[in-house]
Amino acid sequence: MSANGTDWTTVHETTAGDGGFDGIDLNASARYVRLDLTQRGTAYGYSLWEFGVYR
């Protein structure tokens with residue numbers, strides 16, 4: 001997350017995804033959110049069905 005789009009802070013990190021729905025509750029405030037995918041879910045590439053940020 002970032003308040004200015006330049007200085008980034010990691011608020012959640014995991015390598016334990018199971019391919020199902022994962023909800024992550026955070027108590028944080030930011031103007032920008034970045035998703036950094038580091039491991040492919042399939043042999044064809046990254047697999048992300050939906051990504052949402054709700055206030």
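Please read these numbers as outputs of a predicted model, since none were measured by experiment. (Residues numbered from 1 in each chain as written. Predicted model: local features only at pLDDT ≥ 70, side-chain atom pairs only at ≥ 80, totals over all residues. Heavy atoms only, no water.)

**Some remarks on the overall build of the protein chain**
Phase 1: Counting its secondary structure elements, the protein chain contains zero helices and zero strands.
Phase 2: Taken against the 2.2 N^0.38 rule, which gives 10 Å for 55 residues, the C-alpha radius of gyration of the protein chain at 13 Å runs more than 25% over that of a compact globule.
Phase 3: A burial count over the protein chain gives 4% of its 55 residues as buried.
Phase 4: Of the contacts formed within the protein chain by residues at least 6 apart in sequence, a portion of 44% connects residues at least 24 apart.
Phase 5: Accessible surface for the protein chain amounts to roughly 5,700 Å². Of this, 46% is attributable to carbon and sulfur atoms.
Phase 6: Charged side chains in the protein chain number 4 positive and 7 negative. The centres of these two groups are separated by 11 Å. (Helix = DSSP H or I, 4+ residues; strand = E, 2+ residues; numbered from the N terminus. Rg over C-alpha atoms; globule rule 2.2 N^0.38 Å. Buried < 20%, exposed > 50% of the residue type's maximum accessible area, 1.4 Å probe, protein only. Contact = heavy atoms within 4.5 Å. Areas by Shrake-Rupley, 256 points an atom, 1.4 Å probe, with all protein chains shown as cover. Lys, Arg positive; Asp, Glu negative; His and termini not counted. Charge placed at Lys NZ, Arg CZ, Asp CG, Glu CD.)

**Observations concerning the packing of aromatic side chains**
Phase 1: In total, this model carries zero aromatic pairs according to the counting rule given.
Phase 2: The ring of Trp8 has Arg34 lying over it, and the distance from NZ or CZ to the ring centre is 4.1 Å. (Phe/Tyr/Trp six-rings, centres within 6.5 Å; stacked < 30°, edge-to-face > 60°. Lys NZ or Arg CZ within 6 Å of the ring centre and 35° of its normal.)

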